[in-house]
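# Notes for the structure review
One letter stands for each residue in the lines below.
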Amino acid sequence: MAYLKPPWFTAKVFNKIAMAFGIGGSQTLTVTARGSKQPQHIPVVVPELDGIKYLVSTRGESDWVRNVRANPNVQVGKVRYVAAEVPVAKRAPVLAVYRPLAGKVVEGYWQQLPDDADHPVFALRPAT
């Protein structure tokens, strides 16, 4: 599966600023890294459709995606969820809500990765 690696500045500087200040409506996703078992923090924009919140990977098969597949217990902000991957055939409505919410910056990613299959999507169910 395809992956667009973020530039160094985005990964090491901008993402930390986005999480600290909620730039572009971002929230902090916390997942458990597969290897180290340490928390991984990623800024995400969380769309909601029909009362369900979702995670969307704009850059494709990222580390956080593989981490969520390995351990679906995640946290967005201070709320804990269990993530379930959405089948490719059901992603289009979520992506249609996500893209305008996330803003123009994601359009470049869709030009490079145009297929819905390139953008993993996870439905979030509150953890009990």
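To be clear, the structure that these remarks concern was listed above.
Basis of the calculations
Residues numbered from 1 in each chain as written. Predicted model: local features only at pLDDT ≥ 70, side-chain atom pairs only at ≥ 80, totals over all residues. Heavy atoms only, no water. Phe/Tyr/Trp six-rings, centres within 6.5 Å; stacked < 30°, edge-to-face > 60°. Helix = DSSP H or I, 4+ residues; strand = E, 2+ residues; numbered from the N terminus. Buried < 20%, exposed > 50% of the residue type's maximum accessible area, 1.4 Å probe, protein only. Core = buried A, V, L, I, M, F, W, Y, C linked by side-chain atoms within 4.5 Å. Contact = heavy atoms within 4.5 Å.

A few words now on the packing of aromatic side chains. Counting across every chain of the model gives 2 aromatic pairs. Plain terms: the ring middles of W64 and F122 are 6.0 Å apart, the flat faces sit at 55° to each other, and that makes the pair tilted. With a gap of 58 residues between them, W64 in helix 2 (residues 63–70) and F122 in strand 7 (residues 121–126) connect regions that are remote in the sequence. With respect to burial, W64 and F122 carry one shared label: buried. Aromatic side chains Y98 and W110 sit 6.3 Å apart centroid to centroid with 40° between the ring planes, which places their arrangement in the tilted category. In this pair, Y98 is assigned in helix 3 (residues 92–102) and W110 in helix 4 (residues 107–112), connecting sequence segments 12 residues apart.

What follows concerns the nonpolar core. L29, L55, W64 and L124 are the most contacted members of the largest nonpolar core, which totals 15 residues. Contributions of two or more residues to this core are made by strand 1 (27–32), strand 2 (39–44), helix 2, strand 5 (73–76), strand 6 (79–85) and strand 7. Sorting elements by how many residues they give to this core places helix 2 first, with 3 residues. Beyond its immediate sequence surroundings of up to four residues, L29 is in contact with Q40, H41, I42, V44, L55, W64, V74, Q75 and V76. In this structure, V45, V94, V106 and V121 belong to the second largest nonpolar core, which totals 13 residues.

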